[in-house]
Amino acid sequence: MSKKQPKWLDDAIFYEIYPQSFCDTNGDGIGDFNGIISKLGYIKELGCNAIWMNPCFESPFGDAGYDVSDYYKAAPRYGTNDDLKRLFDEAHKLGMHVLLDLVPGHTSWEHKWFKESMKAERNEFTDRYVWTDSIWEEPEGMGCIRGISERDGSCAVNFFTHQPALNYGFYRPDPEKKWQQSVDDEGPKATLEELKNIMRFWLKNGCDGFRVDMAGSLVKHDEDGKGTIKLWQNVREFLDNEFPEAAMVSEWGEPDKSIQGGFHMDFLLHFGPSHYNDLFRCPEPFFSSRGKGDAYEFVEKYKENYEKSDKKGLICIPSGNHDMDRLARHIHGDELKVAFAFLLSVPGAPFIYYGDEIGMNYVENLASVEGGYGRTGSRSPMQWNSGKNAGFSTAEEDKLYIKLDPDMNRPNVEKAVSDKGSLYNEIKKLISVRQSYEALKSKGGIEFIYAEKNKYPLAFLRTSDSEKILVVINPSGREASFESGLVPAEVLYNFGEKITFENGKITVPPVSAGYYKVNNE
Ligand code: GLC
Ligand code: CA
């Protein structure tokens with residue numbers, strides 16, 4: 001399927017901001033738009049030229065804002081719609097782009113649409129959600145809200161109990177179950193039109209696109225994703241006509257489907273069969289210097305996804321996000337640098353989760369905040385300096401949205417920036433190398449040349465029409481080698497001891513990484 005491609009995505013490097021925890025400017029203990037605006041320069045200095053911000057709309061915050069109660073209104077705790085528009089403007093002035101987080105699959109049960117849909121009497125919102133037609137019938141396999149409405153029925157939920165599922169129809173409605181509507185019925189069609197209205201509203205107000213939450217979850221009983229793909233193709237047509245510069249990134253985790261649906265990029269994440277966890281988050285991650293990890297399954301899956309997405313759709317491998325453990329919970333010190341040498345040399349836009357650039361820790365044993373549960377430890381306040389509340393907020397400590405990392409030696413931006421050997425400075429270097437070579441950027445090709453079961457290192461070629469770049473990564477604490485006749489023409493980047501090329505063999509020192517230009521045969 002052809003789709004309009006925003007040019008700016010080609011060299012976009014994203015920084016994910018969890019707005020609650022980034023920077024608080026009015027001392028209420030919660031981050032805000034003005035705080036983000038005040039740190040745009042910092043993000044740009046690191047080398048990131050794009051931002052993805054988690055949901056910042058009105059919400060009771062039962063799932064940190066993924067439970068929207070008004071899609072058209074910024075959450076007052078972050079600021080007003082005008083403040084958000086100013087954020088877009090200020091970012092644009094710096095040549096940066098901003099993605100909002102679109103949550104199309106469900107709302108909060110406090111949304112006025114849901115309140116209307118709970119009424120017994122038919123109204124405009126009766127079919128906005130997936131309801132059975134009897135309180136005694138539950139929607140199979142979906143979980144539901146029941147017993148709180150005047151309406152006789154149970155409403156399907158999409159995630160937590162307080163997140164009723166919006167109705168985009170069933171792929172093949174069961175004729176015995178009249179309440180299962182088809183994607184072409186009026187209710188589902190109206191939901192989709194409203195979704196486009198929401199997108200139109202924010203794109204007109206200056207946002208540059210969306211990261212789409214649970215993008216694969218919209219059409220029900222749609223195991224192969226066919227109905228949901230079709231739905232997104234409809235959205236793609238709308239974007240091609242009205243907003244060809246808008247970027248669409250899906251949280252789907254199945255690039256073969258999402259790219260067909262018209263998304264530009266999809267994430268490989270910690271869930272599903274991507275083997276992402278083998279790299280960074282498992283008892284023996286590939287990127288640990290213990291050297292007991294295995295990247296083989298990941299590479300196999302990656303290659304499969306790469307082929308299936310036609311090599312055109314981009315697969316993004318984020319450093320982390322608000323749903324998974326911090327990278328630094330499992331790997332440390334130089335291991336993190338080697339991990340970033342990988343993350344910043346693969347195709348697809350890199351996504352750096354706020355704080356990962358300074359090696360922020362997962363904060364252990366926190367009580368759940370706003371539906372975070374185990375995710376709460378990855379959402380703690382950004383550490384800017386060694387002052388009060390690490391420079392995040394002037395509030396009293398007990399007023400902070402989430403507790404700060406209590407570690408006396410916790411990293412902070414001020415220290416990281418001034419320390420030449422810091423992770424921050426290594427990432428900055430890596431970004432500037434990536435941005436200097438077409439082959440290393442998002443759309444350059446990738447060809448794995450060494451990825452063996454239970455073996456180190458990992459090596460691949462990145463390619464463009466005119467360049468060929470060899471990337472060699474050895475996270476292990478032991479020297480590793482492999483046979484290859486490739487001869488480097490120029491060193492573009494090196495971390496650790498020097499990698500040697502001799503007699504058809506490449507020998508890679510412990511915990512090291514390198515990028516080399518190689519001649520085109
Ligand atoms: C996505 C979000 C997650 C949220 C869930 C429900 O996975 O990333 O934070 O809880 O969807 O919206
Ligand atoms: Ca605030």
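Conventions we followed
Residues numbered from 1 in each chain as written. Chains lettered and ligands numbered in written order. Predicted model: local features only at pLDDT ≥ 70, side-chain atom pairs only at ≥ 80, totals over all residues. Heavy atoms only, no water. Helix = DSSP H or I, 4+ residues; strand = E, 2+ residues; numbered from the N terminus. Rg over C-alpha atoms; globule rule 2.2 N^0.38 Å. Buried < 20%, exposed > 50% of the residue type's maximum accessible area, 1.4 Å probe, protein only. Contact = heavy atoms within 4.5 Å. Areas by Shrake-Rupley, 256 points an atom, 1.4 Å probe, with all protein chains shown as cover. Domains from an automatic or database assignment. Pairing = 2+ DSSP bridges. Axes fitted to C-alpha atoms, helices over the stretch in contact; angles between N-to-C directions. Parallel < 35°, antiparallel > 145°, perpendicular 65-115°, else oblique. Left-handed = near helix turned anticlockwise from the far one by under 90°. Nonpolar A, V, L, I, M, F, W, Y, C, P; charged D, E, K, R; others polar. Lys, Arg positive; Asp, Glu negative; His and termini not counted. Salt bridge = Lys/Arg side-chain N within 4 Å of Asp/Glu carboxyl O. Polar contact = N/O pair within 3.5 Å; in protein donor to acceptor, adjacent residues only side chain to side chain. Near = heavy atom within 4 Å. Donors = N, O, S within 2.8 Å, 3.2 Å for Na, K, Ca; no water.

Per the secondary structure count, the protein chain includes twelve helices and 20 strands. By the compact-globule yardstick of 24 Å for 521 residues, the protein chain fits well, its C-alpha radius of gyration being 24 Å. Summarising its shape, the C-alpha atoms of the protein chain cover approximately 80 × 55 × 40 Å along the three principal directions. Scored against the burial criterion, the 521 residues of the protein chain give a buried share of 62%. Of the contacts formed within the protein chain by residues at least 6 apart in sequence, a portion of 67% connects residues at least 24 apart. On the protein chain, roughly 20,500 Å² of surface is accessible, and the fraction owed to carbon and sulfur atoms is 47%.

With that settled, consider the domain arrangement of the protein chain. The domain boundaries assigned to the protein chain delineate domain 1 (7-103 + 188-434), domain 2 (106-167) and domain 3 (444-518). Computed over C-alpha atoms only, the centres of domain 2 and domain 3 are separated by 54 Å.

Inspection of the sheet shows strand β16 (residues 480-483) paired to strand β19 (residues 505-508) by four bridges, in the antiparallel sense. Following the sheet pairing, F482 is matched in β19 by I506. Direction of pairing for strand β18 (residues 500-502) relative to β19: antiparallel, over a ladder of three bridges. What sits directly across from F501, in β19, is I506.

On to the packing of helix α10 (residues 333-343) against helix α12 (residues 423-434), then. In contact at an axis separation of 10 Å, α10 and α12 are set at 20° when each is read in the N-to-C sense. Our classification of the angle between α10 and α12 gives roughly parallel. The handedness of the crossing between α10 and α12 comes out as right-handed. On the side of α10, the interface is formed by L336, K337, F340, A341 and L343, while α12 contributes L423, E426, I427, L430 and R434. Of the residues belonging to the contact of α10 with α12, the class tally is seven nonpolar, no polar and three charged.

By the element assignment, E16 lies in strand β1 (residues 14-17). No salt bridge is formed by the buried E16; its nearest oppositely charged neighbour, R211, is found at 6.8 Å. A polar side-chain atom of E16 sits 3.0 Å from a polar atom in the side chain of H322. If we ignore the near neighbours within four places in the chain, the residues touching E16 are W52, N54, G320, N321, H322, I352, Y353 and Y354.

The next point concerns the site of ligand 1. Neighbouring residues of ligand 1: D63, Y66, H106, F159, R211, D213, M214, E251, H322, D323, R375 and R379. Taking D63, its side chain carries an N or O atom lying 2.6 Å from an oxygen atom of ligand 1. Contact between ligand 1 and R375: an oxygen atom at 3.0 Å from a side-chain N or O atom of the residue. For ligand 1, the protein covers 96% of the area, taking 310 Å² as the surface of the free molecule. The residue inventory of the shell around ligand 1, partitioned by class, reads three nonpolar, two polar and seven charged.

Backbone torsion omega between Y456 and P457 reads -5°, so that peptide bond is classified as cis. For P457, the position within the fold is in the loop between β13 (445-450) and β14 (458-463). Phi is positive for F61, which is not a glycine, with a value near 55°. Among the structural elements, F61 can be located in the loop between β3 (57-58) and β4 (70-74). Using a relative accessible area of 9% as the deciding quantity, one classes F61 as buried. Positioned with a positive phi, E370 is a non-glycine residue whose angle comes to about 50°. By secondary structure assignment, the location of E370 is in the loop between β12 (351-353) and α11 (413-418).

Turning to the pattern of salt bridges, a few remarks are in order. Tallied over the entire structure, the rule returns 38 salt bridges. Its salt-bridge partner being R375, residue D63 comes within 3.1 Å of it at the nearest N-O pair. Of this pair, D63 sits in the loop between β3 and β4 while R375 sits in the loop between β12 and α11, and the two are 312 residues apart along the sequence. Accessibility assignment for this pair places D63 and R375 in one class, buried. The salt bridge involving K429 is made with E426; its shortest N-O contact spans 3.7 Å. You can see K429 and its partner E426 sitting in helix α12, three residues apart, about one turn around the helix. Given a relative accessible area of 6%, E426 falls into the buried group. Salt bridges here are not isolated pairs; linked through shared partners, they connect D63, D323, R375 and R379.

We now examine α10. For α10, the tally of buried residues reaches nine of eleven residues, placing the bulk of the element in the interior. Of the positions making up α10, those classed as buried are E335, L336, K337, V338, A339, F340, A341, F342 and L343.

Moving on, we get to the coordination of the calcium ion (ligand 2). Working reference: metal with six octahedral donors, ideal angles 90 or 180 degrees; metal with four tetrahedral donors, ideal angle 109.5 degrees. Around the calcium ion (ligand 2), the donor atoms from the protein are D24 (OD), N26 (OD1), D28 (OD), I30 (O) and D32 (OD), and they sit 2.3 to 2.4 Å away. Binding-site remark: the calcium ion (ligand 2) is held by donors from one chain whose sequence spacing is D-x1-N-x1-D-x1-I-x1-D. When its relative accessible area of 7% is taken as the criterion, D24 is described as buried.

Pairing is antiparallel across the open sheet formed by three strands, whose spatial order is β16-β19-β18. The open sheet has two free edges, formed respectively by β16 and β18, since each of these has just one partner strand. Averaged over all pairs of adjacent strands, the angle between strand axes in this sheet comes to 20°, irrespective of strand direction.

A few words on the environment of H97. Note on placement: H97 falls in strand β5 (residues 97-102). Considering only alpha carbons, one finds H97 and S418, 321 residues apart in sequence, at a separation of 27 Å. Apart from residues lying up to four places away in sequence, H97 is in contact with W8, N49, A50, I51 and D208.

Our focus in this paragraph is the pairing of strand β20 (residues 512-518). For β20, the buried fraction is high: six of the seven residues fall into the buried class. In this sheet, β20 lies alongside strand β15 (residues 468-474) in antiparallel orientation, the contact comprising six bridges. Across the sheet, N474 pairs through a bridge with S512, a residue of β20. When strand β17 (residues 488-495) meets β20, the two strands line up antiparallel, connected through six bridges. The residue of β20 that forms the bridge with N494 is G514.

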